[in-house]
Structures are given as structure tokens and as C-alpha cells.
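So the chains spell out like this:
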Amino acid sequence: MTGDSDPGAGADAAADDGLDETHVVTVFLRNEGAVLLLRRSDAVGSYSGHWGAVAGHAEGDPDAAAREEIREETGIDPDAETALVRRGDPFAVADPDLGRRWVVHAFLFDSATRSVDPNEETDQFEWVAPTAILHRETVPDLWRSYDRVRPTIETVAGDTDHGAAWLSLRALEVLRDEAALAAERPDDVGSWSLLTTLARDLLDARPSMAVVANRVNRAMDVASETATPTALESAAFEGIKRSTDADGDAAVIAADRLPDRIATLSRSGTVTAAVERAGPDEVLVAESRPGREGVGTAERFAERTDAAVTLTTDAALADRLAATGVEAVVVGADTVLPDGRVLNKVGTRAAAAAAASEGVDCYVVAASDKVAAAQAHADGTDPAEADGVDREERDPAELYDGRAAVEVANPTFDVTPSGLVDAVVTERGALDPCSIREIAAEHRALAAWDE
């Protein structure tokens, strides 16, 4: 029973129905697009035999309760192996048969592992697409709990903490989830039209991140043959698997190139995986203002590798390259343009220029889906030859909120010329300029579903 209650109702909206109120947590663990569902055993006091997420009472501190339940019900260390993605607004679920009004606090965590050691409250568990909730006998309102924390166009558009590859998976999850919901409404003749509008909105959500567009376009290209919600749900599901495999393979190939002393900046999941696999002796990390994602990257390398990790300021990176004997600069990419230029977190161009000055290699590590689709103006010229790229300007007040007549440039990304990049390393190997153009043409063809 999925219990489709009004998703807009909050905990405070519950009537004075005489039921005992109990606060509980519902915690979704996500790994590569799948979530962990557990079937409740006879050892629990309610809803035995029903599927749910990690759950438990949450009186006092739901955040602490969520982490404790992860530890107790799965054996996963919430501090070392998970990362909080989102908390949902609490909502009330009345169960007169039990004399209870549950106030549900939903959470979504990313899990680095699928290795689960359940306790006696679980008799079966599975990692499945969240849309499986729609087809199982579950605890009350389990889909509603997931709906409070699942990705949306708004979360994809507004996320300034994660890299492009991560966000592309979230975009595919949005397609998958909405397609599954549309498939539950088979009489709605406008479902496909609504899904194509959703896809277009996702394409517009992060225009600077080609991988989001390419992966959405691939799913739509596959599903357009039959133009049904079920086809899109399947295409998005397969797209998530294909994408995670590509990101992982790019990291494996890049790891073989990495020397013992490297430098990096910002946060790229593919670069992080490559560095952890390579096991260098020394890693220099620039903090990557204004978001300072490099701080978290440095912490992760310190915790998960044996490397000597140094965190420095963006401005000091060039000097530290010269002073510490760094042998390669390794960065991710938000987009590789068809002409070989690289759009990435601001500071990348300076790092690449410093590397060139010191005779140090600069590697860009990314799945080939990050190559932007080739496009042409009406006159036949390629807009990639111009500088018309979206650098995603941030709030000027982050940099200056004074009263002087100062124009503020506060870009999220910058553009690194292809001549400063020694190799773009992907799951297809290192790409030369011809290969980049060919992949750009492939990605252009995927966009034909919307023409």
C-alpha cells in the first residue's frame, strides 16, 4: 500500500483525531540510482511483511536518529560511507487501526556501498529503482516519503555543490521517476507531451553542463521510437547504468596515467575515483573558491588514501606547483567543447597555464558524454569557435557588496584553451581533436528527437 495522501500536507495539518502521535524517520539510501528497500520481518511491531526504507522512531533529533537507524538496520557506517543529500519536510500519516498518527521525517543519503548486514527487523532487502515502490506492498505513504526527497528539475538547476556527472544522473532520475508516474496514468493521452516538456526543461536547467543534455537526449532518443512513458522509464534506468559505467571506466583509464605527485582543484567524482585508484604519494589541492569544494576533496583524499595531502589557496596553486615538484595537474570537466576547449570550475585555466609554464602535464578526466554536441549557425559556422559559453555567474554579493561603482565578475566556470590540455582522458581512451569532433557529432544526432 503506497497510501497516496495529499503531498502538500504537513505534519501540522493533521486533525485532532485522538491518535497518539509518534515521530519517525524514513531514510532512503541511494547507490548508483538505486535505493535500498527492506521488507519488515515478524520481529517488528507493525507492518510486518511490508516493504520500507530504513526507518525508526525519531523523538527529539530526527537527524541523529536517521544516522543511527542506518547503522543499526544496515551495518553501514553513516559517517564514513554515506553523505546526506536532502531532508524532506515532515508530514503526518494517520493509522486509526494502530491508534497512531505517524509524523514522518524523510531523508535521502548517498551510500558508497551496497554491502548490507541487516538486523532482525528485516527478512529481505533489495537495491532497486525507487519506482519499484509503486508496485509493492509498502508501509503507508512510502512513495510520498520518497517524493519529499527525490531529485527535481529545481534541485538539478539549483545545485552548486556537485559536479556535472553527478547532476546528470539526477536528471536521468527525474526522467525515470516522472515517466513511472505517467505510466501509472495510462488513460492520460498527454503523458508523452508532458514528458517531452520535462526533458526540455532539464536541458535548460544546466546549459553549461553538456553531460546533462547528452544523457537526457540519449534517453529521449531511445524512448522516442515508441513514445511511451514505460519506454522512457526503461531508457532512463538503462541510461543511469550506462553513465555510471562510463564514469567509472574513465577513472580506471586515467588512473594508469597518474604520476606519484599530482595537483587538482574543485570536486570531480571521476577525478576522485582516479586518484584513489592510482594511490599517488602526494596530492596538492586548491580550495576552489567561492564554493570551496576543494576542501572536501582534500579531506576525502586524506581519509581514503595514503597520500600526503596539501590544501592551498587558489592564488597560491601556481607557486606551489613550482615549489613542490608536482608532476601532473588533473582536473575534471563540466563540458569539453567540440574544438577541444574545456569548461570547468573557475581556476582551471590558471592551473593549466601554470602547469604549462612548469613543463607539467595537464590531464582532463571525464566521460565522453561531457563532449558538447556540435551545433551550427544558419551560416554554417560552429558557435564553439566563439566565446559564447555560459560561465554561470554567481551572486555578485559573494565577492563585493559595497557601494562603489564596481562591476563584479563572479563566474562559476572558466574556459581552458585546448593547447593547455595534454590529454582528455575518457572511457574511450585519450581523445585527440578529431575524436572530440566525432563525438560532438554523435551527440548532435541524439538531440534530433526534439526536431
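If you're wondering where the values come from, they're calculated on a predicted model, not measured in any experiment.

Focus: the sheet that holds strand β12 (residues 328–331)
Moving on, step 1. Pairing within the open sheet is mixed, and its seven strands lie in the order β11-β10-β9-β12-β15-β17-β18. The strands lining the two open edges of the sheet, one partner per strand, are β11 (308–312) and β18 (429–431). Across this sheet, the average inter-strand angle for adjacent strands is 25 degrees, counted without regard to direction.
Moving on, step 2. As defined by bridge partners, strand β9 (residues 261–265) adjoins β12 across two bridges and the pair is classed as parallel. Paired with Ile 262 across the two strands is Ala 328, which belongs to β12.
Moving on, step 3. Relative to the sheet, helix α11 (residues 317–324) contacts β9, β10 (282–286), β11 and β12, its axis offset from that of β10 by approximately 165 degrees.

Side note on the sheet that holds strand β16 (residues 413–416)
Moving on, step 1. Ordered in space as β13-β14-β16, the three strands form an open sheet in which the pairing is antiparallel. Of all the strands in the sheet, the pair left with one neighbour each is β13 (335–336) and β16.
Moving on, step 2. Pairing geometry for β13 and strand β14 (residues 342–345), over two bridges, is antiparallel. Directly across from Val 336, in β14, lies its bridge partner Val 342.

Details of the pattern of salt bridges
Moving on, step 1. Scanning all chains against the criterion turns up 30 salt bridges.
Moving on, step 2. The shortest N-O distance in the salt bridge between Arg 150 and Asp 147 comes to 2.7 Å.
Moving on, step 3. Judged by its relative accessible area of 7%, Arg 150 falls in the buried class.
Moving on, step 4. In this structure, the salt-bridge partner of Asp 450 is Arg 200, at a minimum N-O distance of 2.7 Å. Linking Asp 450 in the segment after α13 (433–446) with Arg 200 in helix α6 (residues 191–205), this pair joins segments that are 250 residues apart in sequence.
Moving on, step 5. Classification of Asp 450 by relative accessible area gives partly exposed; the value is 33%.
Moving on, step 6. Put simply, Arg 215, Arg 218, Arg 242, Asp 247 and Asp 369 are held in one network by salt bridges that share partners.

Description of the side chain of Thr 82
Moving on, step 1. In this structure, Thr 82 sits in strand β5 (residues 82–87).
Moving on, step 2. In this structure the side chain of Thr 82 is engaged in a polar contact, spanning 2.5 Å, whose partner is the backbone oxygen of Pro 78.
Moving on, step 3. If we skip the residues at most four places from it in the chain, Thr 82 touches Leu 29, Ile 76, Asp 77, Phe 109, Asp 110 and Ser 111.

So, the packing of aromatic side chains
Moving on, step 1. As enumerated under the stated definition, the model contains four aromatic pairs in all.
Moving on, step 2. Aromatic ring contacts, followed pair by pair, group Phe 28, Trp 143 and Tyr 146 into a single cluster.
Moving on, step 3. The ring of Tyr 363 carries Arg 257 above its face, with NZ or CZ at 5.7 Å from the centroid.

Details of helix α7 (residues 210–223)
Moving on, step 1. For α7, spanning 14 residues, the distance from its first C-alpha to its last is 20 Å, which sits close to the expected 20 Å at 1.5 Å a residue.
Moving on, step 2. α7 sits mainly inside the fold: eleven of its 14 residues count as buried.
Moving on, step 3. Taken residue by residue, α7 has Ala 210, Val 211, Val 212, Asn 214, Arg 215, Val 216, Asn 217, Arg 218, Ala 219, Met 220 and Ala 223 as its buried positions.
Moving on, step 4. Where α7 is buried, its residues contact α5 (164–183), α6, α8 (229–255), β13 and α13.

So, the pairing of β12
Moving on, step 1. Burial of β12 is two-sided: the residues Ala 328 and Val 330 facing one way and the residues Val 329 and Val 331 facing the other way are all buried.
Moving on, step 2. Strand direction decides the pairing type here: β12 and strand β15 (residues 361–365), joined by four bridges, are parallel. From the neighbouring strand, Val 329 faces β15, where its bridge partner is Cys 362.

Considering the packing of helix α9 (residues 269–278) against helix α10 (residues 293–304)
Moving on, step 1. Where α9 meets α10, the closest approach of the two axes is 11 Å, and the angle between their N-to-C directions is 25 degrees. Comparing the axis directions of α9 and α10 gives the class roughly parallel. α9 and α10 meet at a crossing whose hand is right-handed. Touching Thr 272, Val 275 and Glu 276 of α9 are Arg 300, Phe 301 and Arg 304, all from α10.
Moving on, step 2. In terms of residue class, the contact of α9 with α10 is made up of two nonpolar, one polar and three charged.

Examining the nonpolar core
Nonpolar side chains tend toward joint burial in soluble globular proteins.
Moving on, step 1. If you look at the biggest cluster of nonpolar residues, it comprises 37 residues, and the most contacted ones within it are Leu 175, Leu 195, Leu 198, Leu 202, Val 216, Met 220 and Leu 232.
Moving on, step 2. Going through the elements one at a time, α5, α6, α7, α8 and β16 are the ones with two or more residues in this core.
Moving on, step 3. Here this core takes ten residues from α5, the largest share from any one element.
Moving on, step 4. Grouped together as the second largest cluster of nonpolar side chains are 27 residues, Leu 284, Leu 321, Ala 352 and Val 424 included.

Here we look at the confidence of the model for the chain
Moving on, step 1. When pLDDT is averaged along the chain, the result is 92; 92% of the residues meet or exceed 70.
Moving on, step 2. Note on residues 1–14: pLDDT under 50 across the span, and 37 contacts to partners over four residues away in sequence or across chains.
Moving on, step 3. Below a pLDDT of 50 lies the segment residues 377–386, which in the model reaches 13 contacts outside its immediate sequence neighbourhood of four places, other chains included.

Quick word on helix α1 (residues 62–74)
Moving on, step 1. Across its 13 residues, α1 extends 18 Å between first and last C-alpha, which sits within 8% of the 18 Å expected from 1.5 Å per residue.
Moving on, step 2. Restricting attention to buried positions, one finds in α1 the residues Pro 62, Ala 65, Ala 66, Glu 69, Ile 70, Glu 73 and Thr 74. For α1, the angular spread of buried residues about the axis comes to 140 degrees, placing them on one side.
Moving on, step 3. For α1, the elements touching its buried residues are β1 (20–31), β2 (34–40), β4 (54–57), α2 (78–81) and β7 (100–111).
Moving on, step 4. At the N-terminal end of α1, a side-chain oxygen is found 3.2 Å from the backbone nitrogen of Asp 63, two or three residues along, and the residue is Asp 61.
Moving on, step 5. Gly 75 sits one or two residues past α1 and shows a positive phi near 75 degrees.

The rules behind these values
- Residues numbered from 1 in each chain as written.
- Predicted model: local features only at pLDDT ≥ 70, side-chain atom pairs only at ≥ 80, totals over all residues.
- Heavy atoms only, no water.
- Pairing = 2+ DSSP bridges.
- Helix = DSSP H or I, 4+ residues; strand = E, 2+ residues; numbered from the N terminus.
- Axes fitted to C-alpha atoms, helices over the stretch in contact; angles between N-to-C directions.
- Contact = heavy atoms within 4.5 Å.
- Salt bridge = Lys/Arg side-chain N within 4 Å of Asp/Glu carboxyl O.
- Buried < 20%, exposed > 50% of the residue type's maximum accessible area, 1.4 Å probe, protein only.
- Polar contact = N/O pair within 3.5 Å; in protein donor to acceptor, adjacent residues only side chain to side chain.
- Phe/Tyr/Trp six-rings, centres within 6.5 Å; stacked < 30°, edge-to-face > 60°.
- Lys NZ or Arg CZ within 6 Å of the ring centre and 35° of its normal.
- Expected span 1.5 Å × (residues − 1).
- Parallel < 35°, antiparallel > 145°, perpendicular 65-115°, else oblique.
- Left-handed = near helix turned anticlockwise from the far one by under 90°.
- Nonpolar A, V, L, I, M, F, W, Y, C, P; charged D, E, K, R; others polar.
- Core = buried A, V, L, I, M, F, W, Y, C linked by side-chain atoms within 4.5 Å.
- pLDDT = per-residue confidence, 0-100.
- Arc of directions from axis to C-beta.

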